[in-house]
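Residue-level structural notes
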Amino acid sequence: MLHVANGDHALSVLRAAGLPGEVTAWSDVLDQGPVRGLPGTPEFRAPRAEWLAENGAGAADQVRAQLEAWDEALRTPAEETVLWFEADLTCQLGLLHHLVLIDASAVVTQEPVPQQKEFAALLAQRRRYDRAQARKAWEAIAAPDPRGIASLDLSGLPQQMGPALRRLLEELPEPASGLSRTERAILEEEGSFPRVQAREAVPWITDLFFARAMTELHEAGMFDEPARTECLAGRLDYRTRAVDRWVCGVLLRGTGCFRWDGAAVVAP
């Protein structure tokens, strides 16, 4: 049996849990940077490696080698592969990636894996999910047009998938202010990471990428007045100042981009 953890912290916890078989980790953060193409391919990894390297993850060739090593670890021959994932956006995107790439069962917990105690009981409750639905969901989130995400049939996937993908759509800019949900929270909470995290039903963004979003807002002058107040009120569009940004397969460039009005995707 091969157990796959999402991240090194969960890896250490699963190793200490005494589960039968081997444990490995896959630690890419698909809620950040470009998500285009099929999992497990050089065409998918190359733009991610370039983006991650540009955003502080290391040299591009080293990042590319790490992404390839994680994918190869997923393909390790085993009688059964078990994916251990949580409810947050990062985990649910990773779960889609893995269900497309390999045949596996999964343990999906609402609370973080490191907070779990009864690992044997959780393992006994592992399930197999609908890989065809996972493939369609992956195609939707990796598309340059996000309008297919809201209408996906997710009935054969974990119950946490629907809320996670809605949270993904909320990272598109609002129609008037041009702020994503995260960017709005950063401005409203004056850059406090703990307070922004507390506003999330299921926290997901890492401190590294939180800092990146805050730096971009700061460099665009969005913490200055009256820009901050005007933007929060919808009278100033942050996208007139913002740098390009990826939301999985969607590249936000300038003001003519896809947006989220709280109920539906708004086309450019």
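An account of the accompanying structure is given in this report. The model shown is predicted, which means the values in this text are computed figures rather than measured ones. Counting starts from 1 at the beginning of each chain's written sequence and moves along it residue by residue. For this predicted model, a pLDDT threshold of at least 70 governs which residues receive local features, and a threshold of 80 or more governs which side-chain atom pairs are given and counted, while totals over whole chains, interfaces and linings are taken from all residues. The basis for every side-chain value is the complete set of heavy atoms in the structure, and neither hydrogens nor water enter the calculation.

1. What to know about the layout of surface pockets
Note the following rule: Put plainly, a pocket is an open set of points on a 1 Å grid over the protein atoms alone with protein on both sides within 12 Å along at least five of seven lines, a cavity is a set where a 1.4 Å probe fits but cannot get out, and a lining residue has an atom within 4 Å of a point. Grid points are joined across faces, edges and corners, and a volume is the space filled by probe spheres set on the points. Note on residue categories: nonpolar means Ala, Val, Leu, Ile, Met, Phe, Trp, Tyr, Cys or Pro, charged means Asp, Glu, Lys or Arg, and polar means any other residue, Gly included.
The volume enclosed by the largest pocket comes to roughly 450 Å³. Along its surface, the largest pocket is lined by 25 residues, and Asn-6, Glu-86, Asp-88, Cys-91 and Trp-204 are the ones closest to its centre. Looking at the lining of the largest pocket residue by residue, the class counts come to eleven nonpolar, eight polar and six charged.

2. Comments concerning empty space enclosed by the protein
What counts here: Helix and strand assignments come from DSSP, with helices taken as H or I runs of at least 4 residues and strands as E runs of at least 2, each series counted from the N terminus.
Across all of its chains, the model carries two cavities of 30 Å³ or more by this definition. The volume enclosed by the largest cavity comes to roughly 180 Å³. Lining the largest cavity are 19 residues, with Gln-32, Glu-171, Arg-212, Arg-245 and Trp-246 positioned closest to its centre. Taken together, the elements giving at least two residues each to the lining of the largest cavity come down to α8 (181–188), α10 (207–219) and β5 (245–247). Counting residues per element, the lining of the largest cavity draws most heavily on α10, which supplies four residues. Considered as a void within the structure, the second largest cavity measures approximately 50 Å³ in volume. Residues belonging to the lining of the second largest cavity are distributed by class as follows: nine nonpolar, one polar and no charged.

3. Structural notes on the packing of aromatic side chains
Put simply, the rule reads: Classification of ring pairs uses Phe, Tyr and Trp, with its six-membered ring standing for Trp, and accepts pairs whose centres are within 6.5 Å; under 30 degrees between planes counts as stacked, over 60 as edge-to-face, and the remaining range as tilted.
Applying the stated criterion to the full structure yields five aromatic pairs. Where Trp-51 meets Phe-209, the ring centres are 5.8 Å apart and the plane angle is 25°; that geometry is what we call stacked. One end of the pair, Trp-51, is in helix α2 (residues 42–54); the other, Phe-209, is in helix α10, with 158 residues separating them in the sequence.

4. Observations concerning helix α7 (residues 161–169)
Definition in use: Three labels apply to residues, based on accessible area from a 1.4 Å probe with only protein chains included: buried if under 20% of the type maximum, exposed if over 50%, partly exposed otherwise in between. Contacts are residue-level and defined by heavy atoms, with any inter-residue pair within 4.5 Å sufficient.
Taken together, the buried positions of α7 are Met-161, Ala-164, Leu-165, Arg-167, Leu-168 and Leu-169. Elements that come into contact with the buried residues of α7 comprise α4 (89–101), α6 (131–141), α8, β5, β7 (259–260) and β8 (265–266).

Don't take any of this as a statement about function, it's just geometry.
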